[in-house]
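# Analysis of the macromolecular model
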2 protein chains.
Amino acid sequence: MTSHVQFELIHTCKQSGARHGRVTTPHGSFLTPVFMPVGTKGTVKTMTPEELMAIGSEIILGNTYHLYLRPGEDIVAEAGGLHTFMNWPRSILTDSGGFQVFSLKAKKKPSEEGVVFTSHIDGSRHLFTPEKSMQIQQKLGSDIVMAFDECTSWPVDKEEAKRSMEMTSRWLERCINAWDDTKPQALFGIVQGSTFADLRIESAKRTTSFDLPGYGIGGLSVGEPADQMNAMLEAIEPYMPTQKPRYLMGVGTPDYIADGVLRGVDMFDCVMPTRTARNGRVMTSEGDVTIRNAPFARDFGPLDPGCDCYVCQNYSRAYIRHLLSVDEILGLRLTTWHNLYYLMRLMEEIRQAILEDRYGSWHEDFMRKIGK
Amino acid sequence: MTSHVQFELIHTCKQSGARHGRVTTPHGSFLTPVFMPVGTKGTVKTMTPEELMAIGSEIILGNTYHLYLRPGEDIVAEAGGLHTFMNWPRSILTDSGGFQVFSLKAKKKPSEEGVVFTSHIDGSRHLFTPEKSMQIQQKLGSDIVMAFDECTSWPVDKEEAKRSMEMTSRWLERCINAWDDTKPQALFGIVQGSTFADLRIESAKRTTSFDLPGYGIGGLSVGEPADQMNAMLEAIEPYMPTQKPRYLMGVGTPDYIADGVLRGVDMFDCVMPTRTARNGRVMTSEGDVTIRNAPFARDFGPLDPGCDCYVCQNYSRAYIRHLLSVDEILGLRLTTWHNLYYLMRLMEEIRQAILEDRYGSWHEDFMRKIGK
């Protein structure tokens, strides 16, 4: 399989083993560890592409399930692909639809063929298979395509976790067989196995045996304690090729990111920073702040005194609280902008600490600072 | 009364009598005829100040009634005034609260003292008087303060229109008496009189007798036919001082603006362009377009082929339709941006036509083009 996405491992932290690298796609390159803002329906909620670039975002995520339902992958393809459709010139990763399909209440039990689900919009029934997911994602034209996998919920018994992991492995083979290698896209396989170390290791071996340009780690951060997630990352680490990027799917709170980086993860995504922003919760150097609360009505300082973003340079907590109180869209824009900027800056700090071989100490200080 | 706002009449169109001028306030100057975007609650919905400046907006409007209820004028004053609170460095005009109070269903009949109204938020009762309106607007710190008036609905019988107009006149005197002249703000009086030419003339004489820095024309575009509005503007025109700006309140559809300019109006405001934008209706050089409609799902052209705005240069109808269909905020941002830009460019065209003494022909062509 031709690789349209390359990974260069720039530095491994001597203190911690954390990795700093660069991923290059047909739409540019980005430094890792990286946080990818989520643009579920062809837009990172409230933000323009220019604003995403202004905060330093080089890659965003799109959701296959949502884009398949609306506007439909054919319309996106007619527009020239997702990059053109949404006017985003940099890299895009699309998930496979697997996570959304499996988190739907209306789904039926998956079969070997795939999974039938009921649309949350109009109740219509749809069959997603590995082949279908590849076809949709290749029409969307994302730079990184995720394999169609089954994401187990937590907790799950070992027998079920094993059955599911093995099916994900067979589905990966079907994804590869359905792959159109002439398109400038790269396919990442996904390691599953719930919280069973031996299943995770088995999944890592099977998945990496296909020599793909990168690997996702799925089915974590779905409710299990942080130490179990970390134990799984540690279990598979020796089996993951050092020269390929590792993407911990759906993980994006600062503490989980910091833990993941310590265990060799290169890529992260999460709706958390944008979703909590719309609920009026902002991340600051002094901890999280619920800006809707009454004490901020007369607080004329910035969201975060330690932040130099556009929002903190121009608007007060009192004004943003007012905007959220009266349901003004600008309020959602400002909290979203700030939260994404905060995470982008955190990733920069992390990369710098790795480069300077002090990520272990940075991680310790950071966890203490945020009380974890 | 010291005048903190000056008007310079630059040119009167030889073909039509339409006026082109410049208003200077403590926060800058703007060319007339001008359209003022409405920022009801301390924000022009969906837009940042930088975006408003990018489309060429030099003055926006704020609503006293809404800002009084939330966040309250004291918080705005503590922030340093509305300009600082919302980070808008250019001019602001605030209405008096009169129109909102009188359009509330929960209001009681106004008395000579003022009007008691029930908050639409929490049902609390409030008394607005001319003195109170001045006090609030002076705390907000707007450049142009509107007198507290009674806005009659339409139709209304002549006796009631006369009573109301005379009370508005007495209220103006109370506004002037309550005015703090040390603040860098200017007070505009308001001409009322419904659709009775003799009452309008009487109101114009009374209002202009106070020699204020500018004058509003209220109680029009409240349901009466366009020719009645135009007749009222023609009736009062000879009584309005040429060296003062004339502001036709709440008027902002392109045809009404064009008609108003023809009859000597200098300033306009309306929620229409921003409100219809949020409903998915955009103004284009080919007429209004309801972008939510199905035929646009595969239309990869810009909102308006004749437009050079940020939105038309970067996004397709298909993408914007998709965003609106899935309730994405970016969709509302893009339609709002385009509609405001469209109106700003229309005002530029109007000013150019006046300068070149061809506004009469421009008006005729324009009305034909939009089918009025």
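Residues numbered from 1 in each chain as written. Chains lettered and ligands numbered in written order. Predicted model: local features only at pLDDT ≥ 70, side-chain atom pairs only at ≥ 80, totals over all residues. Heavy atoms only, no water.

## Quick look at the overall build of chain A
Per the secondary structure count, chain A includes 15 helices and 16 strands. Against the 2.2 N^0.38 benchmark of 21 Å for 372 residues, chain A shows a C-alpha radius of gyration of 20 Å, consistent with a compact globule. Taken along the three principal axes of its C-alpha coordinates, chain A extends 60 × 50 × 40 Å. Counting every position in chain A, which comprises 372 residues, the buried fraction comes to 60%. In chain A, 66% of the contacts between residues at least 6 apart in sequence involve partners at least 24 apart. A distance of 4 Å separates the average location of the 40 positive side-chain charges in chain A from that of its 46 negative side-chain charges. (Helix = DSSP H or I, 4+ residues; strand = E, 2+ residues; numbered from the N terminus. Rg over C-alpha atoms; globule rule 2.2 N^0.38 Å. Buried < 20%, exposed > 50% of the residue type's maximum accessible area, 1.4 Å probe, protein only. Contact = heavy atoms within 4.5 Å. Lys, Arg positive; Asp, Glu negative; His and termini not counted. Charge placed at Lys NZ, Arg CZ, Asp CG, Glu CD.)

## Structural notes on helix 10 (residues 254–262) of chain B
All names here are of chain B. Helix 10 sits mainly inside the fold: 8 of its 9 residues count as buried. Taken together, the buried positions of helix 10 are occupied by Pro-254, Asp-255, Tyr-256, Ile-257, Ala-258, Asp-259, Gly-260 and Val-261. Immediately beyond the C-terminal end of helix 10, within one or two residues, lies Gly-264, with a positive phi of roughly 90 degrees.

## Brief notes about the pattern of salt bridges
Counted by the stated rule, this structure contains 54 salt bridges over all chains. The residue A:Arg19 makes a salt bridge to A:Asp266 at a minimum N-O spacing of 3.0 Å. Of this pair, A:Arg19 sits in strand 2 (residues 19–25) while A:Asp266 sits in the loop between helix 10 (254–262) and strand 14 (267–269), and the two are 247 residues apart along the sequence. For the pair shown, A:Arg19 and A:Asp266 are each scored as buried. Residues joined in a network through salt bridges with shared partners are A:Glu51, A:Arg333, B:Glu51 and B:Arg333. (Salt bridge = Lys/Arg side-chain N within 4 Å of Asp/Glu carboxyl O.)

## Examining the packing of helix 8 (residues 197–208) of chain A against helix 9 (residues 226–236) of chain A
All names here are of chain A. Their axes nearest at 9 Å, the elements helix 8 and helix 9 cross at an angle of 45 degrees. Compared by their axis directions, helix 8 and helix 9 come out oblique. Crossing of helix 8 over helix 9 shows right-handed handedness. Listed contacts from helix 9 to Ala-197, Arg-200, Ile-201 and Ala-204 of helix 8 are Met-232, Ala-235 and Ile-236. Taken together, the residues that form the contact of helix 8 with helix 9 break down as 6 nonpolar, no polar and 1 charged. (Axes fitted to C-alpha atoms, helices over the stretch in contact; angles between N-to-C directions. Parallel < 35°, antiparallel > 145°, perpendicular 65-115°, else oblique. Left-handed = near helix turned anticlockwise from the far one by under 90°. Nonpolar A, V, L, I, M, F, W, Y, C, P; charged D, E, K, R; others polar.)

## Here we look at the relation of the copies chain B and chain A
Superposing chain B onto chain A takes a rotation of 180 degrees combined with a translation of 0.0 Å along the rotation axis, leaving an RMSD of 0.0 Å. Between the two chains, the operation in question is that of a two-fold axis. It is B:Ile329 whose C-alpha, among those of chain B, lies nearest the rotation axis, at 3.7 Å. (Least-squares fit on C-alpha atoms with pLDDT ≥ 70 in both.)

## What about the interface of chain B and chain A?
Taken residue by residue, the interface counts 37 residues in chain B and 37 residues in chain A. Along the contact surface separating chain B from chain A lie 6 salt bridges. Note that B:Lys45 and A:Glu328 form a salt bridge whose closest N and O atoms lie 2.6 Å from each other. Across the contact surface, chain B and chain A share 16 residue pairs in polar contact (both at pLDDT 80 or more). For the side of chain B that touches chain A, the secondary structure elements donating two or more residues are helix 1 (49–54), helix 3 (73–78), helix 4 (82–86), helix 12 (310–314), helix 13 (317–325) and helix 14 (329–355) of chain B. (Polar contact = N/O pair within 3.5 Å; in protein donor to acceptor, adjacent residues only side chain to side chain.)

## Considering the sheet that holds strand 2 (residues 19–25) of chain B
Sheets are built from strands paired through backbone hydrogen bonds, the pairs being either parallel or antiparallel. Residue and element names in this part refer to chain B. The sheet built from 3 strands is open, its strands ordered 1-2-3 with antiparallel pairing. The open sheet is flanked by strand 1 (6–12) and strand 3 (28–32), the only strands paired with a single partner. Neighbouring strand axes in the sheet, compared pairwise and without regard to direction, differ in orientation by 15 degrees on average. Bridge count between strand 1 and strand 2: 6 bridges; the pairing is antiparallel. For Leu-9, the partnering residue across the bridge sits in strand 2 and is Gly-21. In this fold helix 14 packs onto strand 1, strand 2 and strand 3, with an angle of close to 120 degrees to the strand it touches most, strand 2. (Pairing = 2+ DSSP bridges.)

## Quick word on the packing of aromatic side chains
If you walk through the whole model with that rule in mind, you get 22 aromatic pairs over all chains. Seen from their ring centres, A:Tyr310 and A:Tyr315 are 5.7 Å apart, and the 70 degrees between their planes marks the pair as edge-to-face. Each member of the pair, A:Tyr310 as well as A:Tyr315, carries the same accessibility label: buried. Look at B:Phe128 and B:Phe148: their rings are 6.1 Å apart centre to centre, the planes differ by 55 degrees, and that puts the pair in the tilted class. Pair noted here: B:Phe128 is in strand 9 (residues 125–128) and B:Phe148 is in the loop between strand 10 (144–146) and helix 7 (158–178), with a separation of 20 residues, a long-range link. Take B:Phe128: its relative accessible area is 0%, and that puts it in the buried class. Ring pairs connect the aromatic residues A:Tyr65, A:Tyr68, A:Phe117, A:Phe128, A:Phe148 and A:Trp171, which therefore count as one cluster. (Phe/Tyr/Trp six-rings, centres within 6.5 Å; stacked < 30°, edge-to-face > 60°.)

## Details of the environment of B:Ser361
Residue and element names in this part refer to chain B. With respect to the helices and strands, Ser-361 occurs in helix 15 (residues 359–369). Spatially, the C-alpha atoms of Ser-361 and Arg-275 are 30 Å apart, while their sequence positions differ by 86 residues. Looking at Ser-361, its side chain comes within polar contact range of the side chain of Gln-15, at 2.6 Å.

## Comments concerning unusual backbone geometry
Residues and elements named next belong to chain B. Residue Pro-33 is reached from Thr-32 by a cis peptide bond, and omega for that bond is -5 degrees. For Pro-33, the position within the fold is in the loop between strand 3 and strand 4 (34–36). Here Arg-70 and Pro-71 are connected by a cis peptide whose omega angle stands at 5 degrees. Assignment of secondary structure puts Pro-71 in the loop between helix 2 (64–69) and helix 3.

## Examining the sheet that holds strand 4 of chain B
All names here are of chain B. Overall, parallel pairing links the 9 strands, which are arranged 4-14-13-12-11-10-7-6-5 in an open sheet. Pairing within the sheet leaves two strands with one partner each, and these edge strands are strand 4 and strand 5 (38–39). Where strand 11 (residues 186–191) and strand 12 (residues 214–217) come together, 4 bridges link them in parallel fashion. Residue pairing across strands places Val-191 opposite Ile-217, the latter belonging to strand 12. Along the sheet face, helix 6 (residues 130–140) touches strand 7 (91–94), strand 10 and strand 11 and points at about 160 degrees away from the line of strand 10. Helix 8 (residues 197–208) contacts strand 11 and strand 12 of the sheet and is inclined by roughly 160 degrees relative to strand 11.

## Structural notes on the confidence of the model for chain A
When the pLDDT values of chain A are averaged, the result is 96; 99% of them are 70 or greater. The ipTM for the predicted assembly is 0.97, set against a pTM of 0.97. (pLDDT = per-residue confidence, 0-100.)

## Points about the nonpolar core
Within the largest apolar cluster, 192 residues are counted, with the highest numbers of intra-cluster contacts made by A:Tyr359 and B:Tyr359. Here A:Tyr359 is in contact with A:Cys13, A:Gln15, A:Ser16, A:Ala18, A:Ile257, A:Ala258, A:Val261, A:Leu262, A:Ile350, A:Ala353 and A:Ile354, once residues within four sequence places are set aside. (Core = buried A, V, L, I, M, F, W, Y, C linked by side-chain atoms within 4.5 Å.)

## Topic: the pairing of strand 9 (residues 125–128) of chain A
Judged by which residues are buried, strand 9 of chain A turns out to be one-sided: A:His126 and A:Phe128 face inward and are buried, whereas A:Arg125 and A:Leu127, on the alternate face, are not. Counting the residues in the hairpin turn of strand 8 (residues 115–118) of chain A and strand 9 of chain A gives 6 residues, including A:Gly123, whose phi is positive at 75 degrees.

## Considering helix 6 of chain B
All buried positions along helix 6 of chain B are accounted for by B:Pro130, B:Ser133, B:Met134, B:Ile136, B:Gln137, B:Gln138 and B:Leu140. Backbone geometry just after helix 6 of chain B places B:Gly141 at a positive phi near 80 degrees.

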